[in-house]
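Observations on the model geometry
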Amino acid sequence: MATSSTPATLDDLSKQISVLKNDIASLTSALGEYGKAKSNEVGRNAKATVHELSAAGRDRAVDAQKQAEEFVQTQPTAALGIAAGIGFIVGLITARR
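A brief look at the structure comes next. (Residues numbered from 1 in each chain as written. Predicted model: local features only at pLDDT ≥ 70, side-chain atom pairs only at ≥ 80, totals over all residues. Heavy atoms only, no water.)

A few points about the overall build of the protein
- When you go through the protein residue by residue, the secondary structure sums to two helices and zero strands.
- Over its C-alpha trace the protein gives a radius of gyration of 35 Å, far above what one expects of a compact globule, namely 13 Å for 97 residues.
- Of the roughly 8,600 Å² of accessible surface on the protein, 63% is carried by carbon and sulfur atoms.
- In the protein, 11 positive and 10 negative side-chain charges are present, and the distance between their average locations comes to 8 Å. (Helix = DSSP H or I, 4+ residues; strand = E, 2+ residues; numbered from the N terminus. Rg over C-alpha atoms; globule rule 2.2 N^0.38 Å. Areas by Shrake-Rupley, 256 points an atom, 1.4 Å probe, with all protein chains shown as cover. Lys, Arg positive; Asp, Glu negative; His and termini not counted. Charge placed at Lys NZ, Arg CZ, Asp CG, Glu CD.)

Dropping the structure here:
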């Protein structure tokens, strides 16, 4: 390498450029690997979150079904009236199409 008292030669500059190219290639590779690792991590976290939300949704659906069954058993007349009302409304909506 050239010192401050000696001017840099073309060969010295070529070697420095070569070293810089290798350093840039190494940095690019490291950034690519880091990006892949982060992408995989985010993917795993997203899958875990979807699984948790799915399980919570199933639990809520089961609870709602149990509550509906309990309501039908304890108040069958009201449940029948509600079902008839909903059926009537659905019939009106679909008949207009």
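Structural notes on the environment of Arg60
- Inspection of the secondary structure puts Arg60 in helix H1 (residues 10-74).
- In this structure Arg60 comes out as exposed when scored by relative accessible area, which is 67%.
- Distance in space between the C-alpha atoms of Arg60 and Ile89 is 26 Å, their sequence separation being 29 residues. (Buried < 20%, exposed > 50% of the residue type's maximum accessible area, 1.4 Å probe, protein only.)

What about the pattern of salt bridges?
- For the coordinates displayed, the defined rule picks out two salt bridges.
- Put simply, Asp11 and Lys15 hold a salt bridge, and the shortest N to O gap is 3.5 Å. With a gap of four residues between them, Asp11 and Lys15 both fall in helix H1, about one helical turn apart.
- With its nearest N and O atoms 3.4 Å apart, the salt bridge here joins Lys38 to Glu41. Taken together, the positions of Lys38 and Glu41, both in helix H1 and three residues apart, correspond to about one turn of that helix.
- Looking at Glu41, the relative accessible area reads 33%, which means it is partly exposed. (Salt bridge = Lys/Arg side-chain N within 4 Å of Asp/Glu carboxyl O.)

Some words on a nonpolar patch on the surface
- On the surface, a cluster of nonpolar side chains totalling about 420 Å² of accessible area is made up of Phe71, Val72, Ile82, Ile86 and Val90.
- Where the nonpolar patch is concerned, the elements lending two or more residues are H1 and helix H2 (76-95).
- The topology assignment puts Val90 in helix H2.
- A relative accessible area of 46% means that Val90 is categorised as partly exposed. (Patch = residues over 30% accessible without salt bridge, like charges linked within 9 Å, V, L, I, M, F, W, Y side chains within 5 Å.)

Some remarks on the packing of H1 against H2
- Two numbers describe how H1 lies on H2: the axes approach to 5 Å, and their chain directions differ by 115 degrees. On H2, the residues touching Phe71, Val72, Gln73 and Thr74 of H1 are Pro76, Ala78, Ala79 and Ile82.
- Counted by class, the contact of H1 with H2 contains six nonpolar, two polar and no charged residues. (Axes fitted to C-alpha atoms, helices over the stretch in contact; angles between N-to-C directions. Contact = heavy atoms within 4.5 Å. Nonpolar A, V, L, I, M, F, W, Y, C, P; charged D, E, K, R; others polar.)

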